[in-house]
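Read off the chains here:
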Amino acid sequence: NVGLFGNNLYGGVIHNLGLENVWMVGIDGVGGLVGISSGFVSYCYTTGAVFGTMSVGGLAGSSDMGLFGWSYSTARVAGGLWVGGFVGFLNSSLIGFCYSLSSVQGSKQVGGFFGYGYGATILHCYSAGQVSGSMEVGGFSSVGANSYSCYWDKDTSGQNSSYCGIGKTTVEMQ
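Just so you know, these numbers come straight off a predicted model, no measurement behind them.

The rules behind these values
Residues numbered from 1 in each chain as written. Predicted model: local features only at pLDDT ≥ 70, side-chain atom pairs only at ≥ 80, totals over all residues. Heavy atoms only, no water. Helix = DSSP H or I, 4+ residues; strand = E, 2+ residues; numbered from the N terminus. Polar contact = N/O pair within 3.5 Å; in protein donor to acceptor, adjacent residues only side chain to side chain. Contact = heavy atoms within 4.5 Å. Patch = residues over 30% accessible without salt bridge, like charges linked within 9 Å, V, L, I, M, F, W, Y side chains within 5 Å. Areas by Shrake-Rupley, 256 points an atom, 1.4 Å probe, with all protein chains shown as cover. Salt bridge = Lys/Arg side-chain N within 4 Å of Asp/Glu carboxyl O. Phe/Tyr/Trp six-rings, centres within 6.5 Å; stacked < 30°, edge-to-face > 60°. Pairing = 2+ DSSP bridges. Axes fitted to C-alpha atoms, helices over the stretch in contact; angles between N-to-C directions.

### So, the side chain of Ser 157
Now for step 1: Positionally, Ser 157 belongs in helix α1 (residues 154-157).
Now for step 2: Among the polar contacts made by the side chain of Ser 157, one reaches the main-chain carbonyl oxygen of Asp 153 at a distance of 2.7 Å.
Now for step 3: Residues in contact with Ser 157, not counting those within four places in the same chain, are Gly 129, Gln 130, Val 131, Gly 139 and Trp 152.

Here you go:
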């Protein structure tokens, strides 16, 4: 797991931390801030670039029962499987009041906010970066998770569909 913090274990807290011009490169669980999080992340942000093979995200590579709030990423993100502007892979996690302006490029299960989610809930979040991939690509997400009041910018992402979230034009997003 690759990030400033490789792991944020259960009960761990990362709060009020901004990382600028990150350059993270790894294989599995690669994030600008944390590789895999099972703890709480709040009021954090990342800029720069994040590259990996699977579970790759601008802020976190993967989240397993983690909690995220009031955080964002503008980092460029590129990977293979499970690639997202904010987080790549979600399992039973909760995210609220976060956003991604990251440009995202991947091969499969690629999303502007998250790549793949299972049993996860996303509240009041949005994404507005360019999104591209080969298979199962979505403006906000590719597969899974429940979302409430979540949006993606159809114009900047270049994507007209998403597993969850509501697509809006740039004008409607303002």
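### Focus: a nonpolar patch on the surface
Now for step 1: A cluster of nonpolar side chains, contributed by Val 13, Phe 40, Tyr 43, Leu 67, Trp 70, Leu 94 and Phe 97, occupies part of the molecular surface with about 660 Å² of accessible area.
Now for step 2: By the secondary structure assignment, Phe 97 is in the loop between β13 (94-96) and β14 (99-100).

### Some points on unusual backbone geometry
Now for step 1: Even without glycine at this site, Ser 92 takes up a positive phi of about 50°.
Now for step 2: Residue position: Ser 92 is located in the loop between β12 (87-91) and β13.
Now for step 3: The phi torsion at Gln 109 lies on the positive side, around 55°, for a residue other than glycine.
Now for step 4: Summarising the element assignment, Gln 109 is placed in strand β16 (residues 108-111).

### Digging into the packing of aromatic side chains
Now for step 1: If you walk through the whole model with that rule in mind, you get 13 aromatic pairs.
Now for step 2: When the ring of Trp 82 is compared with that of Phe 89, the centres are 4.7 Å apart and the planes differ by 50°; the resulting orientation is tilted.
Now for step 3: Here Phe 89 and Tyr 116 contribute two aromatic rings whose centre-to-centre distance is 5.3 Å and whose plane-to-plane angle is 15°, an arrangement assigned as stacked. One end of the pair, Phe 89, is in strand β12; the other, Tyr 116, is in strand β17 (residues 114-118), and 27 residues separate them in sequence.
Now for step 4: Members of the aromatic cluster, connected to one another through ring pairs, are Phe 68, Phe 86, Phe 113, Phe 114 and Phe 140.

### Here's the deal with the sheet that holds β12
Now for step 1: Strands sit in the order β1-β4-β7-β12-β17-β22 across an open sheet of 6 strands; the sheet is parallel. The open sheet terminates on both sides in strands that have one partner only, identified here as β1 (5-8) and β22 (141-143). Going across the sheet, the axis of each strand differs from the next one's by a mean of 15°, ignoring polarity.
Now for step 2: With 2 bridges joining them, β17 and β22 adopt parallel strand pairing. Among the inter-strand pairings, Tyr 116 is bridged to a residue of β22, identified as Val 143.

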